[in-house]
Amino acid sequence: MIGSLIAISFGTVFVMVNSGGLAEPWPVIVRVVAGLVAVGLVVALFRTPAEVRGAVPARGGFKDRRYWLVVLVEVVALFGGLALINQVLGWPEASVAWVTLVVGVHFFGLAWAWGMPMYHWLGAVMTALGVSGFVVFALGGSEATVGLVAGVGSGFALYGAVVAALLDVRRARSEVTV
């Protein structure tokens, strides 16, 4: 439940922040769709019966040292890389690709820390979107295109992870009622 709410929140931020550079009317369309998806996912989460919300267990949680190790590495990589990209290389257009890459890799760490294999899939998708954003940048793509690929794509990947979690809960619920 908490992880899904975090994913919805960050997914929405990724979409809202990175869709503004698109040609009109696309920023409005993309943002409205994202808002509707986010609201729908929150409603679906709260309609999930409490007895099955934790049916896909994670070990350790936010108190686990492994979690904090993953977060520490993520923060250092995120801000160190952004300083390099923005201040040394002068490539602010590629910043969202770096953020997406680091967040994607951090999901591999969370999969390890919490024993949640689904995070391997999310990590792979977001890492690929981050690398794709760098490729778009290297090929001369605009900041808006990099934002669309790495940023908006990541927002919808996070929404997809919530859908996958809801489907896992639905599957677990059907096993409980059988």
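Residues numbered from 1 in each chain as written. Predicted model: local features only at pLDDT ≥ 70, side-chain atom pairs only at ≥ 80, totals over all residues. Heavy atoms only, no water.

Caption draft 1: Expanded view of the overall build of the protein chain. From N to C terminus, the protein chain includes seven helices and zero strands. Each helix and strand of the protein chain, ordered N terminal to C terminal, gives the series α-α-α-α-α-α-α. Across the protein chain, the fraction of contacts at a sequence separation of at least 24, relative to all contacts at a separation of at least 6, is 71%. As displayed, the protein chain has an accessible area near 9700 Å², and 72% of this comes from carbon and sulfur atoms. (Helix = DSSP H or I, 4+ residues; strand = E, 2+ residues; numbered from the N terminus. Contact = heavy atoms within 4.5 Å. Areas by Shrake-Rupley, 256 points an atom, 1.4 Å probe, with all protein chains shown as cover.)

Caption draft 2: Representation of a nonpolar patch on the surface within the structure. Judged by side-chain polarity, Leu69, Leu72, Val73, Val76 and Trp112 come together as a nonpolar surface patch covering roughly 510 Å² of accessible area. No other element matches the four residues that helix 4 (residues 65–88) contributes to the nonpolar patch. Here Val76 shows up in helix 4. (Patch = residues over 30% accessible without salt bridge, like charges linked within 9 Å, V, L, I, M, F, W, Y side chains within 5 Å. Salt bridge = Lys/Arg side-chain N within 4 Å of Asp/Glu carboxyl O.)

Caption draft 3: Looking closely at the environment of Phe108. Mapped onto the secondary structure, Phe108 falls in helix 5 (residues 95–114). When its relative accessible area of 32% is taken as the criterion, Phe108 is described as partly exposed. For the pair Phe108 and Trp121, spaced 13 residues apart in the sequence, the C-alpha separation amounts to 8.6 Å. The residues contacting Phe108, other than those within four sequence positions of it, are His120, Gly123, Ala124 and Thr127. (Buried < 20%, exposed > 50% of the residue type's maximum accessible area, 1.4 Å probe, protein only.)

Caption draft 4: Focus on the packing of aromatic side chains. Across all of its chains, the model carries six aromatic pairs by this definition. Relative to Phe137, the ring of Trp91 lies with its centre 5.4 Å away and its plane at 50 degrees, an arrangement referred to as tilted. Taken together, the residues Trp91 in the loop between helix 4 and helix 5 and Phe137 in helix 6 (residues 118–138) connect sequence positions 46 residues apart. Taking the relative accessible area as the measure of exposure, Trp91 reaches 35% and is therefore partly exposed. An aromatic cluster is present here, built from Tyr67, Trp68, Phe107, Trp114 and Tyr119 joined pairwise through their rings. Over the ring of Trp112 we find Arg66; its NZ or CZ atom is 5.8 Å from the centre of that ring. (Phe/Tyr/Trp six-rings, centres within 6.5 Å; stacked < 30°, edge-to-face > 60°. Lys NZ or Arg CZ within 6 Å of the ring centre and 35° of its normal.)

Read these as geometric descriptors, not functional statements.
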